[in-house]
Amino acid sequence: MKKRTITATVFILFLINACQFNQSVNKDLVTSATSRGNGIGCENVDIQVNDKEVNKNTFATNDKVQVFFRNLEGFQKVEDKVYPGLGMWIVKNDKDTIADYPDLLNNLQNGTDLQPLVLNASFHASDVFKPSEKYKLHIKIWDKKGTGKFTYALPFTVQ
């Protein structure tokens, strides 16, 4: 337990320090999730399963998995609004794309002035996912008015 607390503390300090410059590379040692910011920084990434925060990457069939990106910064403002893009795709066994959503925010034509900016992407671990397969969730957040981007990858299995 003490080792986990120290690891979490070091990870949080590294994340906070990296996000101040909006350039970061992070790996969660528990879930093996990786994130990379280039111009866009993220204060915290949370995983929720069936509306409860978790720190795992193994899900049950029919779980609703949501990934929240909290306090995103670094977007170019146009008249006090930002224009984020959010894409999500899931790859099976590092080769087959089984879900592809290139821009989940394509209806956000007029931007947003939400402060702090929180975005999320979700999927249901349906019976399409097989226990013998390995999956990876990829999420890309980008600035539609600038050049910044933030990527996130979560390897996972479904039992």
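Keep in mind that this is a model prediction, so the values were computed, not measured. (Residues numbered from 1 in each chain as written. Predicted model: local features only at pLDDT ≥ 70, side-chain atom pairs only at ≥ 80, totals over all residues. Heavy atoms only, no water.)

## Here's the deal with the overall build of the protein
Part 1 of the reasoning: Broken down by element type, the protein carries one helix and 11 strands.
Part 2 of the reasoning: Each helix and strand of the protein, placed in order from N terminus to C terminus, yields the pattern α-β-β-β-β-β-β-β-β-β-β-β.
Part 3 of the reasoning: Across the 159 residues that make up the protein, the buried fraction comes to 38%.
Part 4 of the reasoning: Pairs at least 24 residues apart make up 64% of the contacts formed inside the protein by residues separated by at least 6 positions.
Part 5 of the reasoning: Carbon together with sulfur atoms contributes 49% to the accessible area of the protein, which is approximately 9400 Å² in total. (Helix = DSSP H or I, 4+ residues; strand = E, 2+ residues; numbered from the N terminus. Buried < 20%, exposed > 50% of the residue type's maximum accessible area, 1.4 Å probe, protein only. Contact = heavy atoms within 4.5 Å. Areas by Shrake-Rupley, 256 points an atom, 1.4 Å probe, with all protein chains shown as cover.)

## Quick word on the sheet that holds strand β4 (residues 52-54)
Part 1 of the reasoning: Pairing is antiparallel across the open sheet formed by four strands, whose spatial order is β4-β3-β6-β9. Whereas interior strands pair on both sides, the edge strands pair on one side only; in this sheet they are β4 and β9 (117-124). Averaged over all pairs of adjacent strands, the angle between strand axes in this sheet comes to 35 degrees, irrespective of strand direction.
Part 2 of the reasoning: Both strand β3 (residues 41-49) and β4 contribute to a ladder of three bridges, which runs antiparallel. Bridge assignment links V49 to a residue of β4, and that residue is K52. (Pairing = 2+ DSSP bridges. Axes fitted to C-alpha atoms, helices over the stretch in contact; angles between N-to-C directions.)

## Thoughts on unusual backbone geometry
Part 1 of the reasoning: Here the bond from Q115 into P116 is cis, since omega is -10 degrees, no more than 30 degrees from zero.
Part 2 of the reasoning: Looking at the element boundaries, P116 is found in the loop between β8 (96-101) and β9.
Part 3 of the reasoning: Its identity as a non-glycine residue notwithstanding, N50 has a phi of 50 degrees, on the positive side.
Part 4 of the reasoning: Position of N50 among the secondary structure elements: in the loop between β3 and β4.
Part 5 of the reasoning: In this structure, D80 is a non-glycine residue whose phi angle is positive, near 65 degrees.
Part 6 of the reasoning: Tracing the chain through its elements places D80 in the loop between β6 (64-73) and β7 (84-92).

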